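# Descriptive analysis of the structure
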Amino acid sequence: MECIYTKSKALSAVPTSFCPGCMHGTAIKLIAEVSEELGIENDLVVVAPIGCAVFMGAFVEFDSFGSPHGRPGATGTGFKRSNPDVPLILYQGDGDCASIGLAETMHAANRGENFTVVMINNQVYGMTGGQAAPTTLPGQKTTTSPAGRAIEGTGYPIRLAELIAELKAPKYVTRQSLHTPKNVLAAKKAIKKALEIQINEGGYSFVELMSACPTNWKIDPKDAPKYMEDVVLKEFPVGDLKG
Amino acid sequence: MAKVEIDVNYCKGCGLCFGVCPKNILKASEDVNAKGYNYAEQIDAEKCTACKLCAIMCPDAAISVYK
Amino acid sequence: MSEKVVKKGNEAICEAAIRAGCRFFSGYPITPQTTATEYLSWRMPEAGGVFVQAESEVSAINMVAGSAMAGTRAMTATSGPGLSLMTETLSVMAGTRLPAVIVNIQRAGAGIGAITGNQSDFYMVTKTLGHGGLTGLVYGPESIQESIDIMYESWDLAEKYRTPVIIMTDGVMGQMMEQVEMPDYKEAPDLSDQPYVAGKRKDGRKKHLIMDSPYFGPMPTQNDNLEYNYAEYEKVYESWEENEVRYEEYMMEDAEYLIVAWGTSARVAKTAIRHLREQGIKVGLFRPITLVPFPKKQLQAIDKNKIKGILTVEMSVPSQFHNEVVHYIDKDIKVEKYRRGGGNMVLDEEIEECVKKML
């Protein structure tokens, strides 16, 4: 029998430390697969900042560097401007990218920096134990919104992809989801397209990936895809926003 | 002929693969792996069509597919 | 060939950086640093490097860190409030042991304070870089020429020890003009194999996993490795005490009284010393050039049988440098202080008066 699907060689030979059902693993797997398909598995560099995203470096065979919480837009800029031929992914969480690092994110996008941001949107601060994030849904219970996120006082979920799509410089802005095989394949296609733009023509690309954090959502991982389909994607619709 | 191979050491038993299998032939094992997870098992290998949906869905890259 | 030019302090130190092989600058406008950013906005691209005006000092220092991890000689320049914003990343850079150069063109006071030159940030850069107790090399030049000379070798030192280097000038030095000697252009080394550099992998090279916290090492747990590696860092800092301490002794040979000062204050003190000498008063100057490592042994060695009194001079209220110096001076020597704050200059005539009061 012929092997038609197996673990990417760009993944390190260790299981990830993510919780069961966490879709960080899915996103990292896709980046690894795309890097192999594009033949850049030895060239790609990844910025993995604070948040659960920081673990990525340990589970891939790419060069990677950390960044203070929220700063990949800046560290990525410094790196890529000095190394314009090296393909670069900023692998960020939603708290990192849309809260503490909003300035860095928006300004890097606005300058049209030639790199790809992959933002995992799971609507909570996962690493610190499930606090409210800028992406937390209205009414969603978290450890810092025990009665559910109140619009009054905390505002609405930030749809970062839409904000970035408003800017002139970005070449490709999309929101995809990781909750079904079909969506996973679409997400992979989006990551590939973003990297191709970066490598072939140059320009900023932003891929938001809707993801599950069953541990902090306090739901069974098996039930997460249905919750995402029925609830989360109503607030964060998938699809290309630009490019 | 088709089969899936589940790397017991990588599987965390999240069960995301169960629901996407069109033949419904994946389930949680009774045994646990070294980390204490009830890992995924294929129960009726002959029904497998090598559609890859389970492997695509798996967040832990634990599934290889053969045809 | 080196060349003689007349240049403003901020521009001169930036030109020296270009000649030292710096090819990345990111900065955010802040008085009295702004002319440095303006100068490099055209000069850096002209030299084939990259200039980015950042959206904040937080971003500026992170861009510098990113560029350093690309193996480029990178720098930023700022002033007190901007340096405050940079501290988290300075801590990260010290933890990663990332070579880069930060110029702090000091202004007065806390918060907004005042935009005129002062020596307000002595504690901030000498005690620790941000949180965590790690540090870097810190220099306090007294003149434009000395800042050029220090800048010119700063990356050599930064790369040798894998450390951030901080050069402390001030608004006075930054804005004044002097004739200086500019050094030749220097070629930056190829750093692509360094463990803190990502990308451009040569065949067969294992991945570089660059982290600000050294979790890996010979110990069984992350915490143990962190402790072990920080202890190794400490050994590097201790080696600086042996090998990198710099200071100037000015007219100290026959001195009965001593002024201890750094940077612009020391320069003003030299004028006062010359005047006092004309009046037959035997005064000398001890001037730390490195603030980290601080010339502790040299201060401890000041002989109570020779020196009758010491005056510290600094441009900071409350005192900072004074408190550090007193700590190392023989307790039998009387130490007085003269300082001006709020963005005011120390004056040579006031220094003279203070010395005369000690006689």
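Structural data are supplied above this passage.
Quantities reported herein were computed from a predicted structural model and do not represent experimental measurements.

## Remarks on the overall build of chain C
A tally of helices and strands in chain C yields 12 helices and 16 strands. Taking 2.2 N^0.38 as the reference for a compact globule, 359 residues should give roughly 21 Å; the C-alpha atoms of chain C span a radius of gyration of 21 Å, in line with that estimate. Over its C-alpha atoms, taken along the principal directions, chain C stretches across nearly 70 × 50 × 40 Å. Going through the 359 residues of chain C one by one, you find that 60% of them count as buried. A separation of at least 24 residues holds for 78% of the contacts in chain C among residues at least 6 apart in sequence. Accessible surface for chain C amounts to roughly 14,200 Å². Of this, 50% is attributable to carbon and sulfur atoms. Taken as two groups, the 39 positive and 49 negative side-chain charges of chain C have centres that lie 1 Å from each other.

## Some points on the interface of chain A and chain C
Between chain A and chain C, the residue contacts involve 30 residues of the former and 30 residues of the latter. Around 2,200 Å² of area is buried between chain A and chain C when both sides are counted, 54% of it from carbon and sulfur atoms. At the boundary of chain A with chain C, the tally comes to 3 salt bridges. For R201(C), the salt bridge goes to D63(A), with nearest N and O atoms at 3.9 Å. For the pair chain A and chain C, the number of links is 14 residue pairs in polar contact (both at pLDDT 80 or more). Contributing elements (two or more residues each) for the side of chain A that touches chain C: helix 2 (56–59), strand 3 (63–65), helix 3 (72–82) and helix 5 (102–111) of chain A.

## Focus: the interface of chain B and chain A
Facing 28 residues of chain B, the contacting portion of chain A comprises 33 residues. Here chain B meets chain A over a buried area of about 2,400 Å², counting both sides, of which 68% is carbon and sulfur. Between chain B and chain A we count 0 salt bridges in total. At the surface where chain B touches chain A, the tally comes to 12 residue pairs in polar contact (both at pLDDT 80 or more). Those elements that provide at least two residues to the side of chain B that touches chain A are helix 1 (16–20), helix 2 (53–57) and strand 4 (63–66) of chain B. Tallied by class, the residues present in the side of chain B that touches chain A amount to 19 nonpolar, 3 polar and 6 charged.

## As for the nonpolar core
Core analysis: the biggest nonpolar cluster contains 115 residues, and F206(A), M75(C), M151(C) and L299(C) have the highest contact counts within it. Counting residues per element, this core draws most heavily on helix 6 (residues 144–161) of chain C, which supplies 9 residues. Two domains each donate at least three residues to this core, and these are domain 1 (3–182) and domain 2 (247–358) of chain C. The contacts of M75(C), once residues within four sequence positions are left out, are A17(C), C22(C), F24(C), F25(C), S26(C), V64(C), V101(C), V103(C), M151(C) and W155(C).

## Quick look at the packing of aromatic side chains
Pairs of aromatic rings are described using the distance from one ring centre to the other and the angle between the two planes. Here the structure, examined in full by the defined rule, presents 17 aromatic pairs over all chains. The interplanar angle of 75° and the centroid separation of 6.1 Å between the aromatic rings of F18(A) and F55(A) together place this pair among those described as edge-to-face. Taken together, the residues F18(A) in the loop between strand 1 (3–5) and helix 1 (24–37) and F55(A) in the loop between strand 2 (45–47) and helix 2 connect sequence positions 37 residues apart. Taken together, a centroid distance of 5.0 Å and an interplanar angle of 70° make the contact between W217(A) and Y227(A) edge-to-face. A residue pair is termed long-range when its members are at least 10 positions apart, and W217(A) in helix 9 (residues 214–217) and Y227(A) in helix 10 (residues 224–235) qualify at 10 residues. Since its relative accessible area comes to 11%, W217(A) is described here as buried. Clustering of aromatic rings is evident, with ring pairs tying together F122(C), Y123(C), W262(C), F294(C), F321(C) and Y328(C). The ring of Y66(B) is capped by K3(B), whose NZ or CZ atom sits 5.2 Å from the centre of that ring. The positively charged end of K270(C) is found above the aromatic ring belonging to Y250(C), 5.0 Å away from the centroid.

## Topic: the pairing of strand 9 (residues 205–210) of chain A
Residues and elements named next belong to chain A. Where burial is concerned, most of strand 9 is hidden: 6 out of the 6 residues are buried. Of the two faces of strand 9, the one lined by S205, V207 and L209 and the one lined by F206, E208 and M210 are each fully buried. Pairing of strand 5 (residues 116–121) with strand 9, which is carried by 6 bridges, proceeds in the parallel orientation. Following the sheet pairing, T116 is matched in strand 9 by S205.

## Comments concerning the side chain of T136(A)
Residues and elements named next belong to chain A. Inspection of the secondary structure puts T136 in the loop between strand 7 (131–132) and helix 6 (151–154). The class for T136 is buried, based on a relative accessible area of 0%. A polar contact of 2.6 Å, which involves the side chain of T136, links it to the backbone oxygen of Q123. At a separation of 2.7 Å, a polar atom in the side chain of T136 contacts the main-chain amide nitrogen of A133.

## Observations concerning the pattern of salt bridges
Under the defined criterion, the tally for this structure stands at 44 salt bridges over all chains. The salt bridge partner of R81(A) is E113(A), with a shortest N-O separation of 2.8 Å. Of the two residues, R81(A) is situated in helix 3 and E113(A) in the loop between helix 5 and strand 5; the sequence distance between them amounts to 32 residues. Of the residues examined, R81(A) reaches a relative accessible area of 31% and is grouped as partly exposed. Residue D193(C) is joined to K202(C) by a salt bridge in which the shortest nitrogen-to-oxygen separation is 3.3 Å. Via salt bridges that share partners, E3(C), E15(C), R19(C), R43(C) and E46(C) belong to a single interconnected network.

## Quick look at the sheet that holds strand 4 of chain B
What the 3 strands build is an open sheet, ordered 1(A)-4(B)-1(B); its pairing is antiparallel. With one partner strand each, in any of the chains shown, strand 1 of chain A together with strand 1 (3–6) of chain B form the two edges of the open sheet. Geometrically, the sheet is characterised by an average inter-axis angle of 35° between neighbouring strands, direction not taken into account.

Definitions and cut-offs
- Residues numbered from 1 in each chain as written.
- Chains lettered and ligands numbered in written order.
- Predicted model: local features only at pLDDT ≥ 70, side-chain atom pairs only at ≥ 80, totals over all residues.
- Heavy atoms only, no water.
- Helix = DSSP H or I, 4+ residues; strand = E, 2+ residues; numbered from the N terminus.
- Rg over C-alpha atoms; globule rule 2.2 N^0.38 Å.
- Buried < 20%, exposed > 50% of the residue type's maximum accessible area, 1.4 Å probe, protein only.
- Contact = heavy atoms within 4.5 Å.
- Areas by Shrake-Rupley, 256 points an atom, 1.4 Å probe, with all protein chains shown as cover.
- Lys, Arg positive; Asp, Glu negative; His and termini not counted.
- Charge placed at Lys NZ, Arg CZ, Asp CG, Glu CD.
- Buried area = accessible area lost by both parts, 1.4 Å probe.
- Salt bridge = Lys/Arg side-chain N within 4 Å of Asp/Glu carboxyl O.
- Polar contact = N/O pair within 3.5 Å; in protein donor to acceptor, adjacent residues only side chain to side chain.
- Nonpolar A, V, L, I, M, F, W, Y, C, P; charged D, E, K, R; others polar.
- Core = buried A, V, L, I, M, F, W, Y, C linked by side-chain atoms within 4.5 Å.
- Domains from an automatic or database assignment.
- Phe/Tyr/Trp six-rings, centres within 6.5 Å; stacked < 30°, edge-to-face > 60°.
- Lys NZ or Arg CZ within 6 Å of the ring centre and 35° of its normal.
- Pairing = 2+ DSSP bridges.
- Axes fitted to C-alpha atoms, helices over the stretch in contact; angles between N-to-C directions.

By themselves, these observations are geometric and do not establish any function.
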